[in-house]
Structure formats: C-alpha cells, structure tokens
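Spelled out from the first residue to the last, the chains are:
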Amino acid sequence: MTAVFFDIDGTLICTAGAGQDAMASAVAQCFGVPADRAGVTFAGRTDRSIVLDLFALHDIPSTEQNIATFVRRFVELLPEHLQAKQGRVLPGVSTWLQRLGARDDLYLGLITGNLHRTAHLKLEHYGISSYFHNGAGLRGGFGDDHVERDDVARMAMVQLRGLRANIVASEQVWVVGDTTRDIQCARAIGARVIAVATGGHDRSTLAAARPDVLVDDLTQATECLDEWLQ
Ligand SMILES: [Mg+2]
C-alpha cells in the first residue's frame, strides 16, 4: 500500500491568480479596505496564515469572528474568480490521476493550505475532485485550522492511519508539491517527496531543499508511477 498526497495550487492546477484575487476581494468587501495584497506571499502557505497577514496589512483585528466573516465571503467569491481566469490543470496531472485513481490499493489524498471548501471548489472547477473524494468530503489535510503547513501534513497522516492501518512505514507515503514548504512538511511526517517546478518555486530553489525526486512537470517522474503501480 502506497499513499500519495498532492498539494493543489502549482502542483495539480494553476488558477491564474483566481484564488489570490478572491481572497483580496473578500477582505476588501468585508472590511472596507483596498483589495491590496502587497508584500503578502501565497506560495505553499496555509490560507489561515495568509489571511492573518492580509488582516495585519490592513490593521484588521485577527478575531475568529473576523476570520469567519472573511471565509464566508471568500467561499462565495471564489467560483466567479475561477470562471473569470484562464486557469488550467497542469501538465501530466490528468494522466497521473487517471492511472493512480484506477487502483484501489493506492491512497490518494491532499496536503494543502487551502480551506477544505475552497479546495473542493477549485478541484470541482477543473474536474478532478473525484480522485480525492471519499463520499463525505475530500481526503487529507487542509488549511482551515492550522497556520503551519507541517501541522496540516500531520493531520493528513492521522486521518490516513485511522483509515488504512496497514500503512505503517513512512517510506510508503509520498508528498507531491511545488514549493519548499511542501518538501518541509513531507519531512515533518517522514514522507518522501516529489518536487515539481510548475508553481511557486523554481527548480534551483526546490533542489536546494533536497527533495527525493525533482521534475519540471508531472509528464516526468513516471518511474515513480511505475513503481507505485507494480
Ligand atoms: Mg502549491
């Protein structure tokens, strides 16, 4: 049994900035500030940590009530932003998901900074949510409750071990992601990692974080696919 956790933005899909635009618009509409995100980085971070930075940028108190107000509006706005932008599923992803999804002896999940609801909206928009859906919701760890991505990864592993007790060895767990934060969170759970240079960090930045496998896009690394599918 092998488990593979995918990051979303920059790894499975590129929303062409729809997510960032929707976040900035939601903050602006909820709190009457400019839709400005200057100096706030997004790549590899949890939505919860990003919104706390956006609140700080605009001097908005980071109360749970304000976060809940933001989340409601963000979820409402995201679909129209996804429609407005020319995003796409990234190269090789459809082939990977079709091959992996056809096997019930593989566990496919997500380790993402997205909120569970916005992760679902994004994957639905691009037609790939079914690969990660268990009937009740998406499998994996999400950015709703945690600021740190390592904690999101730990949450995904707790869920995995609860569902598939036969996964005990961390070398059976892989993380696929586009930033050094994905590599870091994979190490936090003892997983191996494929870094893919289709998103937030370039190849040399990813190489410096020493992933197990580094590829330009998911049309490569097919030896991993073949190994998992033996
Ligand atoms: Mg990413």
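Small disclaimer: the values here were computed from a predicted structure and weren't measured.

Section: the overall build of the chain
When its secondary structure is counted, the chain shows nine helices and eight strands. Relative to the compact-globule value of 17 Å for 230 residues, the chain shows a C-alpha radius of gyration of 17 Å, a close match. In terms of its C-alpha atoms, the chain occupies a principal-axis envelope of roughly 55 × 35 × 35 Å. Going through the 230 residues of the chain one by one, you find that 50% of them count as buried. A fraction of 66% describes how many contacts in the chain between residues 6 or more apart in sequence connect residues 24 or more apart. Carbon and sulfur atoms provide 46% of the accessible area of the chain, an area that totals close to 9900 Å². Charge separation in the chain, taken as the distance between the mean sites of 21 positive and 28 negative side-chain charges, equals 1 Å.

Here's the deal with the coordination of the magnesium ion
Here the magnesium ion is held by D7 (OD), D9 (O) and D178 (OD), and the distances to it run 2.1 to 2.2 Å. Read from N- to C-terminus, the donor residues coordinating the magnesium ion fall into the pattern D-x1-D-x168-D. Given a relative accessible area of 28%, D9 falls into the partly exposed group.

Quick word on unusual backbone geometry
Non-glycine residue A16 carries a positive phi angle of around 55 degrees. Relative to the helices and strands, A16 is located in the loop between β2 (13–14) and α1 (18–31). The partly exposed category is assigned to A16, whose relative accessible area is 33%. With phi around 55 degrees, D59 is a residue other than glycine that occupies positive phi space. Mapped onto the elements, D59 comes out in the loop between α2 (47–57) and α3 (64–84). Residue classification places D59 among the exposed residues on the basis of a relative accessible area of 71%.

Topic: helix α4 (residues 93–101)
All of the buried residues in α4 are V93, W96, L97 and L100. Each buried residue of α4 lies within a common arc of 95 degrees when the element is viewed along its axis, so the set occupies one face. Looking at the buried residues of α4, the elements they touch are β1 (2–6), β3 (88–89), β4 (106–111), β7 (192–196) and α9 (222–228).

Quick look at the domain arrangement of the chain
Here the domain parsing of the chain yields domain 1 (2–15 + 88–228) and domain 2 (18–84). Inter-centroid distance (C-alpha atoms) of domain 1 to domain 2 is 24 Å. Residue-level contacts link 21 residues of domain 1 with 17 residues of domain 2. Run the count over domain 1 and domain 2 and you get zero salt bridges. Linking domain 1 with domain 2 are nine residue pairs in polar contact (both at pLDDT 80 or more). At the level of elements, α5 (116–125) and α6 (149–163) are the ones that each hand at least two residues to the side of domain 1 that touches domain 2. Split by residue class, the side of domain 1 that touches domain 2 holds five nonpolar, nine polar and seven charged.

Conventions adopted
Residues numbered from 1 in each chain as written. Predicted model: local features only at pLDDT ≥ 70, side-chain atom pairs only at ≥ 80, totals over all residues. Heavy atoms only, no water. Helix = DSSP H or I, 4+ residues; strand = E, 2+ residues; numbered from the N terminus. Rg over C-alpha atoms; globule rule 2.2 N^0.38 Å. Buried < 20%, exposed > 50% of the residue type's maximum accessible area, 1.4 Å probe, protein only. Contact = heavy atoms within 4.5 Å. Areas by Shrake-Rupley, 256 points an atom, 1.4 Å probe, with all protein chains shown as cover. Lys, Arg positive; Asp, Glu negative; His and termini not counted. Charge placed at Lys NZ, Arg CZ, Asp CG, Glu CD. Donors = N, O, S within 2.8 Å, 3.2 Å for Na, K, Ca; no water. Arc of directions from axis to C-beta. Domains from an automatic or database assignment. Salt bridge = Lys/Arg side-chain N within 4 Å of Asp/Glu carboxyl O. Polar contact = N/O pair within 3.5 Å; in protein donor to acceptor, adjacent residues only side chain to side chain. Nonpolar A, V, L, I, M, F, W, Y, C, P; charged D, E, K, R; others polar.

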